[in-house]
Amino acid sequence: MSVAELTSAAERLKDQSLWQTKSYIDGEWVEGSASFAVTNPANNALLADVADVGAAGARQAVAAASRAFETWKKTSPFQRAALLMRWHQLILENVDDLAALITLEMGKAYREAQGEVVYGASFIEWSAEEAKRIHGETMATPFPGTRGWTTRQPIGVVACITPWNFPNAMITRKCAPALAAGCTMVIKPAPETPLSALALAVLAERAGIPKGVFNVICGDAEQLGPVMTEAPDVRMIGFTGSTAVGKLLMRQAADGVKRVALELGGNAPFIVMDDADPEVAADGIIASKYRVSGQTCVSANRIIAQPGIADALVAALQKRVDALKPGDGFDGSTDIGPLIHHEAVERVDALVKDARDSGATILAGGKPLTDELGGAFYAPTLIEGGNPSMDLACFEIFGPVASIYRAETEDEIIKLANDTPYGLAAYLYTNDVTRIHRMTEALEYGMIGVNAPMVGAASTPFGGVKESGIGREGGKWGVEEFTELRYVLLGGIE
Ligand code: ADP
């Protein structure tokens, strides 16, 4: 990779100052003693060498966040809201550059990346507004001459570890409510997508968020992670990523009895009942399954159709999947970008091969496109007739592969849908209102889209049950996560 090629990736940005490769600690841009490479999965090109600040950098960041907390927690919510709104405005003014960074680092189609930046910014706007509505309550007390009330205090320093599939929005969704509540932050982005996180730090600095309040550290997770989970000053760990790492962080956080907010894996059922419209359901599946090449924790993982609609649904899907165009995210005609890296292509291909060996039929795709397209691409794939206990149905696919299962009765469908340790998102397509009540109550999931393929929004609670996580992001619940309820009893009044 020549310097000229490296420069041309950076030159996609209108504002070159958003291209940052150092960590942001205590208001300074900090070099590391080592570095790591970031590559573009669409063409394997090296994008940047990013500083690895190691455990020492993580300690520095926690200390900075701890010092900053002493003053940040005393700012008025109105001051915090004004700073957040300035950050929000700057992000919206730089949507194209922030989206370009996302497409370069993780490959999603540029228009999806633009959508992510706007979605990410909406959490900042919502949290800024919500900062002013963090209320306490007064309550009756049993003792004469006393009064009782509660307040909500910021929990303290929050350490966040974020994934690569939404390199911008998974940061704002955690940071905005935390900052609104009066917490300070140390963020460790995924090693695949540090540039998006560092660009957000550039804009946070430009917005005037005081030094030490918002720190971004990059480097080896196994060095940085334990500093974040073990530091006594860190009172909460926020994480989005795999269930395996979430469990590890929960164990590490247990010694310090730190709060954890975990958004982990999913195995979303997408249920289509006989009375649904197959064309509408197929549109929903395309949106849920193939967005970000299927690399979201709420992607439909198992499509469960009743026999009366299954054939029509498969036909409607086949037409749509055949029309999906994979390619470089910067190509305006691309529907599906690459997967995050070549190991992901191999993992998805192994799931598809196992399904084929289990007797499933591949109706579309079913193979890597690495040679044809020159990056970590997998063909948009449609599979039918597999066994619900094969790997494809049991593990999170995280790739553009839809598989369809048939089940007859409501009871069978619910049993199949709940037969997983996960419980993040589920989807139900039906127009029968009594069925909607029965089935949404029976589905063991944190979020259920009824005739709706996308559930996340700044104003609504996002999160899972069972092994899909703890806590909620978004809405008033998202802000409350970063506060502690404090109770005061005042005596001697009469
Ligand atoms: P994925 O397999 O999709 O990359 P991970 O759960 O491994 O999902 O990664 C999500 C985030 O967790 C990333 O920021 C990654 O660097 C971080 N991470 C991975 N392993 C550890 C670890 N042992 N300690 C702390 N963070 C980790």
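Our structure's up above, just so we're on the same page.
Residues numbered from 1 in each chain as written. Predicted model: local features only at pLDDT ≥ 70, side-chain atom pairs only at ≥ 80, totals over all residues. Heavy atoms only, no water.

Topic: the nonpolar core
By size, the foremost hydrophobic cluster in this structure holds 90 residues, and its most contacted members are Trp-19, Trp-87, Ile-91, Leu-179, Phe-214 and Leu-392. In terms of residues, this core owes the most to one element, helix α7 (residues 194-207), which gives ten residues. In this structure Trp-19 touches Ala-9, Ala-10, Leu-13, Leu-47, Ala-48, Leu-101, Leu-104 and Leu-195, once residues within four positions along its chain are discounted. Core analysis: the next-biggest nonpolar cluster, separate from the first, contains 33 residues, Ala-268, Tyr-290, Ala-316 and Phe-462 among them. (Core = buried A, V, L, I, M, F, W, Y, C linked by side-chain atoms within 4.5 Å. Buried < 20%, exposed > 50% of the residue type's maximum accessible area, 1.4 Å probe, protein only. Helix = DSSP H or I, 4+ residues; strand = E, 2+ residues; numbered from the N terminus. Contact = heavy atoms within 4.5 Å.)

Remarks on the packing of aromatic side chains
Going through the model one piece at a time under the given rule, you end up with seven aromatic pairs. On the numbers, 5.8 Å between centres and 35 degrees between planes, the contact of Tyr-110 with Phe-330 is tilted. Here Tyr-110 is found in helix α5 (residues 110-131), whereas its partner Phe-330 is found in the loop between α11 (307-323) and α12 (342-357), with 220 residues between them in sequence. Overall, Tyr-110 belongs to the partly exposed group, its relative accessible area being 22%. Look at Phe-330 and you get partly exposed, because its relative accessible area is 23%. On the numbers, 5.0 Å between centres and 90 degrees between planes, the contact of Tyr-119 with Phe-123 is edge-to-face. With Tyr-119 and Phe-123 both in helix α5 and four residues apart, this pair spans about one turn of that helix. Owing to a relative accessible area of 3%, Phe-123 belongs among the buried residues under this scheme. (Phe/Tyr/Trp six-rings, centres within 6.5 Å; stacked < 30°, edge-to-face > 60°.)

Some points on the environment of Pro-278
In this structure, Pro-278 sits in helix α10 (residues 278-290). Placed 39 residues apart in sequence, Pro-278 and Leu-317 show a C-alpha to C-alpha distance of 8.8 Å.

Thoughts on the site of the ligand
As a structural note, the neighbourhood of the ligand is formed by 17 residues, with Thr-162, Trp-164, Lys-188, Phe-239 and Ser-242 the closest of them. Between the ligand and the protein, one listed contact pairs an oxygen atom with a side-chain N or O atom of Trp-164 at 3.2 Å. One nitrogen or oxygen atom from the side chain of Ser-242 is found 2.6 Å from an oxygen atom belonging to the ligand. (Near = heavy atom within 4 Å. Polar contact = N/O pair within 3.5 Å; in protein donor to acceptor, adjacent residues only side chain to side chain.)

Details of a nonpolar patch on the surface
Residues Met-139, Phe-143, Tyr-487 and Leu-489 make up a contiguous nonpolar surface patch of about 380 Å² in total accessible area. Residue Phe-143 is classed as partly exposed on the basis of its relative accessible area of 47%. (Patch = residues over 30% accessible without salt bridge, like charges linked within 9 Å, V, L, I, M, F, W, Y side chains within 5 Å. Areas by Shrake-Rupley, 256 points an atom, 1.4 Å probe, with all protein chains shown as cover. Salt bridge = Lys/Arg side-chain N within 4 Å of Asp/Glu carboxyl O.)

Considering the pattern of salt bridges
For the structure shown, the criterion picks out 24 salt bridges. Arg-147 is paired through a salt bridge with Glu-494; the nearest N and O atoms lie 3.3 Å apart. Of this pair, Arg-147 sits in strand β6 (residues 147-154) while Glu-494 sits in the segment after β20 (483-490); the two residues are 347 residues apart in sequence, bridging distant segments of the chain. The exposure class assigned to Arg-147 is partly exposed, which follows from its relative accessible area of 41%. Taking the relative accessible area as the measure of exposure, Glu-494 reaches 75% and is therefore exposed. The residue Arg-406 makes a salt bridge to Glu-384 at a minimum N-O spacing of 2.9 Å. Taken as a pair, Arg-406 in strand β16 (residues 401-406) and Glu-384 in strand β15 (residues 381-384) lie far apart in primary sequence, 22 residues in all. By relative accessible area, which is 39% here, Arg-406 ends up partly exposed. Connected through shared salt-bridge partners, Asp-275, Glu-410, Arg-435 and Arg-438 make up one network.

Keep in mind that these numbers describe shape and distance, not what the molecule does.
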